[in-house]
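Results of the structural survey
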Amino acid sequence: MSRARSDSDVPTGIRSRRVRATAPRSPGQLATRQGIAVGVATAAYGVSFGALAVAAGLDVWQACVLSLFMFTGGSQFALVGILASGGVAAGGTAIASAALLGVRNAAYGMRMKPVVGATSWWKTAGAAWLTIDESTAVALAQEDPAARRRGFWVTGIVVYLGWNLTTLVGALIGDLLGDTRAYGLDAAAAAAFLGLIWPRLKSHQTIAVACAAAVVAAALTPVVAPGMPVLAAALVAVLVGTTNLLGRRTAREATP
């Protein structure tokens, strides 16, 4: 007559593996997993930047220097996009557009300074270098302060190393790779970013901001310079956040 096996019948090694498999992950572990996932997805798009930079007339080393020292994907794509359409004569406009688009990182820095909690000058410099869309998003998606710091650093480091490596690969391959959008590299980073933002869309205000920003960016993309739709979409959040119209309405509805 058979009987069900109890935990005492299971070898210790197998039982310990079961416990580890079923144990809930800590906030720090979840932040690390999210940071690596977002970092890898974002870094993959660096292949596209490297290829487009070479196609725009830059040398391989110039494309790599941009990723090493500029390290802000939106500004980099705006720069090479304008250079590709206007050549060297459009250099001034390309630099101005890239700088304007990079202003958002300064706003991120003000928000992330208390989150990162850098205590030395070299940590402060490193945090400023790694303050980008993805590291900010992963950090703010965490509830635990320590997990926020880990998410920021893990994401920033993975994106930086991966972005520079894939930029080199893309630049070496150049236009032999063809249209990198056919491989879904552009959608991968956007999908990972959306996956982080989606759980935070809980209030009427955040949903309204997300929808309005998406509509504004989609409407302006065909008619304005590269990078400008992102800034215009960000203004939606600034205006709604300043007036807090929907936030006040929600508070009044919740008041008995």
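Note that the structure is a prediction, hence the values are computed from the model and not measured.

The next point concerns the nonpolar core. If you look at the biggest cluster of nonpolar residues, it comprises 25 residues, and the most contacted ones within it are Phe49, Phe71, Val80, Met112 and Phe152. Looking at this core, the elements that each hand over two or more residues are helix H3 (46-55), helix H4 (60-70), helix H5 (73-86), helix H7 (104-116), helix H8 (121-130), helix H9 (133-140) and helix H10 (145-173). Here this core takes 5 residues from H10, the largest share from any one element. Once residues within four sequence positions are removed from consideration, Phe71 is found in contact with Leu66, Gln76, Trp129, Leu130, Ile132, Gly156, Val159, Tyr160 and Trp163.

A complete count under the given rule lists 4 aromatic pairs for this structure. Taken together, a centroid distance of 6.5 Å and an interplanar angle of 80° make the contact between Phe69 and Trp129 edge-to-face. Taken together, the residues span a long stretch of sequence, with Phe69 in helix H4 and Trp129 in helix H8 at a distance of 60 residues. Their ring planes at 85° and their centres at 4.8 Å tell us that Phe71 and Tyr160 sit as a pair that is edge-to-face. Residue Phe71 is located in the loop between H4 and H5, and its partner Tyr160 is located in helix H10; the two are separated by 89 residues in the primary sequence.

All right, on to the packing of H9 against H10 then. Closest axis-to-axis distance for the H9/H10 pair is 7 Å, and the angle between their directions is 155°. One element, H9, and the other, H10, form an angle in the roughly antiparallel class. Considering the relative orientation of H9 and H10, their crossing is right-handed. Every residue of H10 that contacts H9 at Glu134, Ser135, Val138, Ala139 and Leu140 is listed here: Arg148, Gly151, Phe152, Thr155, Gly156 and Val159. Class assignment of the residues belonging to the contact of H9 with H10 gives a composition of 5 nonpolar, 4 polar and 2 charged.

What follows concerns H3. The element H3 is extensively covered by neighbouring structure, given that 7 of its 10 residues are classed as buried. Phi for Gly57, located one or two positions after H3, is positive at around 110°.

What follows covers the packing of H7 against H9. It is at 10 Å that the axes of H7 and H9 come closest, and there the two elements cross at 35°. As for how H7 packs across H9, the hand of that crossing is left-handed. Here Arg104, Tyr108, Arg111, Met112 and Val115 of H7 lie close against H9, whose contacting residues are Asp133, Thr136, Ala139 and Leu140. Partitioning the contact of H7 with H9 into residue classes produces 5 nonpolar, 1 polar and 3 charged.

Take a nonpolar patch on the surface next. A contiguous nonpolar surface patch, about 540 Å² in accessible area, is contributed by Trp61, Val65, Leu68, Phe69 and Trp129. Counting residues per element, the nonpolar patch draws most heavily on H4, at 4 residues. Its place among the elements puts Val65 in helix H4. Note on Val65: relative accessible area 34%, which makes it partly exposed.

Conventions adopted
Residues numbered from 1 in each chain as written. Predicted model: local features only at pLDDT ≥ 70, side-chain atom pairs only at ≥ 80, totals over all residues. Heavy atoms only, no water. Core = buried A, V, L, I, M, F, W, Y, C linked by side-chain atoms within 4.5 Å. Buried < 20%, exposed > 50% of the residue type's maximum accessible area, 1.4 Å probe, protein only. Helix = DSSP H or I, 4+ residues; strand = E, 2+ residues; numbered from the N terminus. Contact = heavy atoms within 4.5 Å. Phe/Tyr/Trp six-rings, centres within 6.5 Å; stacked < 30°, edge-to-face > 60°. Axes fitted to C-alpha atoms, helices over the stretch in contact; angles between N-to-C directions. Parallel < 35°, antiparallel > 145°, perpendicular 65-115°, else oblique. Left-handed = near helix turned anticlockwise from the far one by under 90°. Nonpolar A, V, L, I, M, F, W, Y, C, P; charged D, E, K, R; others polar. Patch = residues over 30% accessible without salt bridge, like charges linked within 9 Å, V, L, I, M, F, W, Y side chains within 5 Å. Areas by Shrake-Rupley, 256 points an atom, 1.4 Å probe, with all protein chains shown as cover. Salt bridge = Lys/Arg side-chain N within 4 Å of Asp/Glu carboxyl O.

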